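Letter by letter, the chains look like this.
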Amino acid sequence: MVSPLINQGDRPNYQTSQDDQKPTNIGYWIDTGGVGVKPDAIYIFVIIYNTNDLQFFHPMARVQLVYPKIPDSKNCLWEHCIAFEKYDGTNLHWVWESELGWYAFGTRRDRFDLDDMGIAQFNKAHPGLEEAPEIFNRDFAASLERVFQEKFNCQYPEITVFTEFLGTNSFAGMHRRDDPKQLILFDVQRDKYIITPEQFIQYFSQLHIPRVVYRGKITGQFIDDIREGKYGVAEGVICKGGGSNGNNGWMVKIKTYAYMNKLQQAFKDDWKTYWE
């Protein structure tokens, strides 16, 4: 298993020995080569050991922002787009490699091994998201891999998919424990670029993806209609457009006035933190 990605300058949080009475030593080595390693990153392999046992420890990795921050409607392009419903949940990413399969996952800012130890560390770091790995493995892992093999012809060594984790009453990234949860697949990245919205719909529409609420040019009237709730969305929409190969794609988010009022009631003066 490949250890999680750690950017240069980051200091992983190492766990101390569970038995403080035993003499404990830490040995490590650094490898800048191997599968999936980027030039500006390193892999650190750590062994925590004492006289009676030997343990291989995978530290959680802080990574650069995995998914870009989406601009608000003040910065929109007045061009043709596909508008997808925006769901109020938590952004999670999942990483597939042609030899390792699904080997890593995390939030927008961290990454864990997709194995028992990594899942346990994720659950400890992100209470409330514990159901996500099971849902992904059950509903997405095998189906996505089949699409990669059929549509991408395995020509991309690493592919990252992005999902929204949410329950019936999720709000502003908070989730109720007893709510039934789901994952919604909303973007796929290959060769460092997110695929176009047309490709996304063509390749992945058989999976659980966001509802398409509009196709056409972004106009002031369309923005007003979204804000007024005329498209039947709770939080808002993500408008996506751009070229045919994904390297000049763009996104804009537009939220509803109803969602704004909900934020104002819940967070008072801090509501803009959760707005566009």
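To be clear, the structure that these remarks concern was listed above.
What counts and what doesn't
- Residues numbered from 1 in each chain as written.
- Predicted model: local features only at pLDDT ≥ 70, side-chain atom pairs only at ≥ 80, totals over all residues.
- Heavy atoms only, no water.
- Buried < 20%, exposed > 50% of the residue type's maximum accessible area, 1.4 Å probe, protein only.
- Helix = DSSP H or I, 4+ residues; strand = E, 2+ residues; numbered from the N terminus.
- Pairing = 2+ DSSP bridges.
- Contact = heavy atoms within 4.5 Å.
- Polar contact = N/O pair within 3.5 Å; in protein donor to acceptor, adjacent residues only side chain to side chain.
- Axes fitted to C-alpha atoms, helices over the stretch in contact; angles between N-to-C directions.
- Salt bridge = Lys/Arg side-chain N within 4 Å of Asp/Glu carboxyl O.
- Phe/Tyr/Trp six-rings, centres within 6.5 Å; stacked < 30°, edge-to-face > 60°.
- Lys NZ or Arg CZ within 6 Å of the ring centre and 35° of its normal.

1. Overview of the pairing of strand β10 (residues 158-167)
Where burial is concerned, most of β10 is hidden: nine out of the 10 residues are buried. Here eight bridges tie strand β7 (residues 90-97) to β10, and the two strands are oriented antiparallel to one another. Note that in β10 the partner of His93 across the bridge is Phe162.

2. Let's talk about the environment of Tyr203
For Tyr203, the location among the structural elements is in helix α4 (residues 197-204). Between the C-alpha atom of Tyr203 and that of Leu144, which follows or precedes it by 59 residues, the distance is 9.6 Å. Excluding residues within four positions of it along the chain, Tyr203 makes contact with Val147, Lys151, Phe152 and Arg190.

3. Considering the side chain of Lys240
Inspection of the secondary structure assignment puts Lys240 in strand β14 (residues 236-241). Polar side-chain contacts of Lys240 include one of 3.0 Å to the side chain of Asp187. Leave out the neighbours within four places in its chain, and Lys240 touches Tyr67, Cys81, Ile82, Phe84, Phe186, Asp187, Pro197, Trp250 and Met251.

4. Focus: the sheet that holds strand β9 (residues 110-113)
Each strand in a sheet pairs with its neighbour through backbone hydrogen bonds, running either in the same direction (parallel) or in the opposite one (antiparallel). Judged by pairing direction, the sheet is antiparallel, and its seven strands sit side by side in the order β5-β9-β8-β7-β10-β11-β12 without closing on themselves. Each edge of the open sheet carries a strand with a single partner, namely β5 (61-62) and β12 (193-194). Here strand β8 (residues 101-106) pairs with β9 via two bridges, running antiparallel. Bridge pairing in β9 links Ala104 to Asp113. Helix α2 (residues 132-139) contacts β7, β8, β10 and β11 (181-190) of the sheet and is inclined by roughly 70 degrees relative to β11. Contacting β7, β8, β10 and β11, helix α3 (residues 141-151) crosses the sheet at an angle of about 120 degrees to β8.

5. Side note on the sheet that holds β14
If you trace the four strands from one edge of the open sheet to the other, you get β13-β6-β14-β15, paired in antiparallel fashion. Edge positions in the sheet fall to β13 (212-217) and β15 (250-255), since each of these pairs with one other strand and no more. Along the sheet, successive strands turn relative to each other by an average axial angle of 25 degrees, direction set aside. Here β14 runs beside β15; their pairing, made up of six bridges, is antiparallel. Paired with Ile238 across the strands is Lys253, a residue of β15.

6. Concerning the pattern of salt bridges
Close approach of charged atoms allows side chains with opposite charge to pair. Under the defined criterion, the tally for this structure stands at nine salt bridges. We note a salt bridge from Glu131 to Lys181, for which the minimum N-O separation is 3.2 Å. Taken together, the residues Glu131 in the loop between α1 (116-125) and α2 and Lys181 in strand β11 connect sequence positions 50 residues apart. When salt bridges that share partners are traced, they join Lys86, Glu235 and Lys255 into one network.

7. Considering the packing of aromatic side chains
Each aromatic ring pair is specified by the distance between its two centres and by the angle formed by the two planes. With the rule as written, the count across this model stands at 26 aromatic pairs. Taking 5.8 Å as the distance between ring centres and 50 degrees as the angle between the ring planes, the aromatic pair formed by Trp102 and Phe148 counts as tilted. Of this pair, Trp102 sits in strand β8 while Phe148 is found in helix α3, placing the two residues 46 residues apart along the sequence. Between Phe152 and Tyr203 the ring centres are 5.6 Å apart and the planes differ by 75 degrees, which places this aromatic pair in the edge-to-face class. Note that Phe152 is positioned in the loop between α3 and β10 and Tyr203 in helix α4, a separation of 51 residues in sequence. The exposure classification of Phe152 matches that of Tyr203, with both residues buried. Across from the ring centre of Phe84, 5.0 Å away, lies the NZ or CZ of Lys240, which sits over that ring.

8. Comments concerning the side chain of Asp72
Residue placement: Asp72 occurs in the loop between β5 and β6 (80-86). Taking the relative accessible area as the measure of exposure, Asp72 reaches 12% and is therefore buried. In this structure the side chain of Asp72 is engaged in a polar contact, spanning 2.7 Å, whose partner is the side chain of Lys74. Not counting the four nearest positions on each side in its chain, Asp72 is found in contact with Val252, Lys253 and Glu276.

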